[in-house]
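Next come the chains, spelled out residue by residue.
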Amino acid sequence: GVIAPLSGPVAAYGESVKKGIQAADGTGIKIVYEDEGCDPKTAITAFKKLIELDHATVIIGPACGSPQKAVAPLVAASHVVAITPSAAPQELYPLSSGMMFDMQYSLEDESNFLAKKMYELGYKNVAIIAYQNEFSAVNQKSFTTNYAGTVVTTLSLDDTSTTIDTDLLRLS
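All figures in this text were calculated on a predicted structure; none of them were measured in a lab.

1. Here's the deal with the overall build of the chain
Phase 1 of the analysis: Along its length, the chain carries seven helices and seven strands.
Phase 2 of the analysis: Put simply, the chain runs from its N terminus to its C terminus through helices and strands in the order β-α-β-α-β-α-β-α-β-α-β-α-β-α.
Phase 3 of the analysis: The principal-axis extents of the C-alpha atoms in the chain amount to approximately 55 × 30 × 30 Å.
Phase 4 of the analysis: Within the chain, the fraction of its 172 residues that count as buried is 34%.
Phase 5 of the analysis: A separation threshold of at least 6 residues defines the contact pool for the chain, and within that pool the share at least 24 residues apart is 54%.

Shown next as structure tokens:
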């Protein structure tokens, strides 16, 4: 089973995940796709459908942060393996009782690397621009914790923001 954001703000990413899986599939294994829309409740419904109706034994996804966190305890209870197709927080592994795996470095590792590299490159003062979602919250916390310089301000955008022009003007 695959749980990806096939609708919503990052639907293009979800379609890329789907195309990648389709391009790699030559196994004859039945693959069922479910939409998460980057919404935790939708992801939970998709997960339950894949497990209870489609009898999936392996799940690829969810791809978005809040859905990953919402599904992790269900992965543990269902004893299936889940593989996230994108960076995820470190807490998913213990939340899923060791059944949910990340295909990339954790969000915390990526944010830590970025914080250290920016400081090394001479950026001693930064502004953080983040969306109001689980993904951004994990990145923001880890970056702020590991950054040796000063975070002068943080702009928090809702998930529906398509432009940040007016928000950037507040920085000047």
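2. Topic: the packing of helix H5 (residues 107-120) against helix H6 (residues 134-146)
Phase 1 of the analysis: In contact at an axis separation of 8 Å, H5 and H6 are set at 40° when each is read in the N-to-C sense. Between H5 and H6, the angle is such that the two are oblique. Classified by chirality, the crossing of H6 by H5 is right-handed. In contact with Leu 107, Glu 108, Ser 111, Asn 112, Leu 114, Ala 115 and Met 118 of H5, H6 contributes Phe 135, Val 138, Asn 139, Ser 142, Phe 143 and Asn 146.
Phase 2 of the analysis: Of the residues belonging to the contact of H5 with H6, the class tally is seven nonpolar, five polar and one charged.

3. Thoughts on the pattern of salt bridges
Phase 1 of the analysis: Tallied over the entire structure, the rule returns five salt bridges.
Phase 2 of the analysis: In this structure, the salt-bridge partner of Lys 49 is Glu 34, at a minimum N-O distance of 3.0 Å. Taken together, the positions of Lys 49 in helix H2 (residues 40-52) and Glu 34 in strand S2 (residues 33-35) put the pair 15 residues apart, joining distant regions of the chain.
Phase 3 of the analysis: What makes Lys 49 partly exposed here is its relative accessible area of 31%.
Phase 4 of the analysis: Assessed through its relative accessible area of 15%, Glu 34 is described here as buried.
Phase 5 of the analysis: Linking Glu 120 and Lys 117 is a salt bridge whose minimum nitrogen-to-oxygen distance equals 3.4 Å. Of this pair, Glu 120 and Lys 117 are both found in helix H5, three residues apart, which corresponds to roughly one turn of the helix.
Phase 6 of the analysis: A relative accessible area of 57% means that Glu 120 is categorised as exposed.
Phase 7 of the analysis: Residue classification places Lys 117 among the partly exposed positions, given a relative accessible area of 34%.
Phase 8 of the analysis: Where salt bridges share partners, they join Glu 34, Lys 49 and Asp 54 into one cluster.

4. Things to note about the packing of H2 against helix H3 (residues 65-78)
Angle between the axes and distance between the axes are the two parameters that describe a pair of packed helices.
Phase 1 of the analysis: At a closest axis distance of 8 Å, the pairing of H2 and H3 adopts a crossing angle of 30°. Classified by the interaxial angle, the pair formed by H2 and H3 is roughly parallel. As H2 packs across H3, the resulting crossing turns out to be right-handed. Taking contact as the criterion, the partners of Pro 40, Ala 43, Ile 44, Phe 47, Lys 48 and Ile 51 in H2 are, on H3, Ser 66, Pro 67, Ala 70, Val 71, Leu 74, Val 75 and Ser 78.
Phase 2 of the analysis: When its residues are assigned to classes, the contact of H2 with H3 shows 10 nonpolar, two polar and one charged.

5. Remarks on the state of the cysteines
Phase 1 of the analysis: For the structure on display, the rule yields one disulfide.
Phase 2 of the analysis: Across the disulfide from Cys 38 sits Cys 64; the S-S distance is 1.7 Å. Pair noted here: Cys 38 is in the loop between S2 and H2 and Cys 64 is in the loop between strand S3 (58-60) and H3, with a separation of 26 residues, a long-range link.
Phase 3 of the analysis: Here Cys 38 falls in the partly exposed class, since its relative accessible area comes to 25%.
Phase 4 of the analysis: Owing to a relative accessible area of 10%, Cys 64 belongs among the buried residues under this scheme.

Parameters at a glance
- Residues numbered from 1 in each chain as written.
- Predicted model: local features only at pLDDT ≥ 70, side-chain atom pairs only at ≥ 80, totals over all residues.
- Heavy atoms only, no water.
- Helix = DSSP H or I, 4+ residues; strand = E, 2+ residues; numbered from the N terminus.
- Buried < 20%, exposed > 50% of the residue type's maximum accessible area, 1.4 Å probe, protein only.
- Contact = heavy atoms within 4.5 Å.
- Axes fitted to C-alpha atoms, helices over the stretch in contact; angles between N-to-C directions.
- Parallel < 35°, antiparallel > 145°, perpendicular 65-115°, else oblique.
- Left-handed = near helix turned anticlockwise from the far one by under 90°.
- Nonpolar A, V, L, I, M, F, W, Y, C, P; charged D, E, K, R; others polar.
- Salt bridge = Lys/Arg side-chain N within 4 Å of Asp/Glu carboxyl O.
- Disulfide = S-S within 2.5 Å.

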